[in-house]
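Fold and contact review
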Amino acid sequence: MPHTAVPAAELAARLENLRRAISAAHPDWGMILLDSKIDLYYFTGTMQEGALVITPDEAALFVRHSYECAVRDSSFADIRPLGSFRGIASAFPHIPETVYVATRTMTLQKLAMLQKYLPFTPASIDSILGGLRAVKSAYELECMLLCLGVCVCMSVNACASP
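This report concerns the structure included in the present document. (Residues numbered from 1 in each chain as written. Predicted model: local features only at pLDDT ≥ 70, side-chain atom pairs only at ≥ 80, totals over all residues. Heavy atoms only, no water.)

1. Focus: the sheet that holds strand 6 (residues 121-124)
A sheet is described by the order of its strands in space; here six strands give the open sequence 4-3-2-1-5-6, paired in mixed fashion. Of all the strands in the sheet, the pair left with one neighbour each is strand 4 (79-81) and strand 6. For this sheet, the mean angle separating the axes of adjacent strands, direction not counted, is 30°. (Pairing = 2+ DSSP bridges. Helix = DSSP H or I, 4+ residues; strand = E, 2+ residues; numbered from the N terminus. Axes fitted to C-alpha atoms, helices over the stretch in contact; angles between N-to-C directions.)

Below is the structure:
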């Protein structure tokens, strides 16, 4: 089955929902930094190794490897190659004191590598991320129904075979 990119409008809506939710919980937030493949796919439509930096005004995906694959597979607007985390510091020179991260998935090793170039205190955004993914958009419901149809078709075919 060929890859179908998550529509740009869906990705933009997910980012807007995230910004709205974190603004309600933390009105003075300045930056979110996500690195898990699940979060990267949810917000950018690609699962390449890297980091997604979200501020109130912009969002950029920094891809460590497979930059070409990320650009090919994703309709996300701002994808940049990443040699080291120093590249994030160059692109975002004003790092807020507190940066929101997915504490359930970010390893201490990754946090230490980030803090080498980006001095910040991490704060958890886990409950916000979980709440956002729990509510399905029309696009997500359509994908789920499509998968259900494929499963039912496979099941019927399996039962019909001798």
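2. Here we look at the packing of aromatic side chains
Under the defined criterion, the tally for this structure stands at two aromatic pairs. Their ring planes at 90° and their centres at 4.9 Å tell us that tyrosine 42 and phenylalanine 43 sit as a pair that is edge-to-face. Accessibility assignment for this pair places tyrosine 42 and phenylalanine 43 in one class, buried. Ring geometry for phenylalanine 62 against phenylalanine 92: centres 6.2 Å apart, planes inclined by 70°, an arrangement best described as edge-to-face. Of the two residues, phenylalanine 62 sits in strand 3 (residues 59-63) while phenylalanine 92 sits in the loop between helix 4 (86-91) and strand 5 (98-101), which places them 30 residues apart along the sequence. Both residues of the pair, phenylalanine 62 and phenylalanine 92, belong to the buried class. The ring of tyrosine 42 is capped by arginine 14, whose NZ or CZ atom sits 4.3 Å from the centre of that ring. Arginine 64 extends its terminal NZ or CZ atom over the ring of phenylalanine 85, reaching a point 4.9 Å from the ring centre. (Phe/Tyr/Trp six-rings, centres within 6.5 Å; stacked < 30°, edge-to-face > 60°. Buried < 20%, exposed > 50% of the residue type's maximum accessible area, 1.4 Å probe, protein only. Lys NZ or Arg CZ within 6 Å of the ring centre and 35° of its normal.)

Structural measurements only, silent on function.
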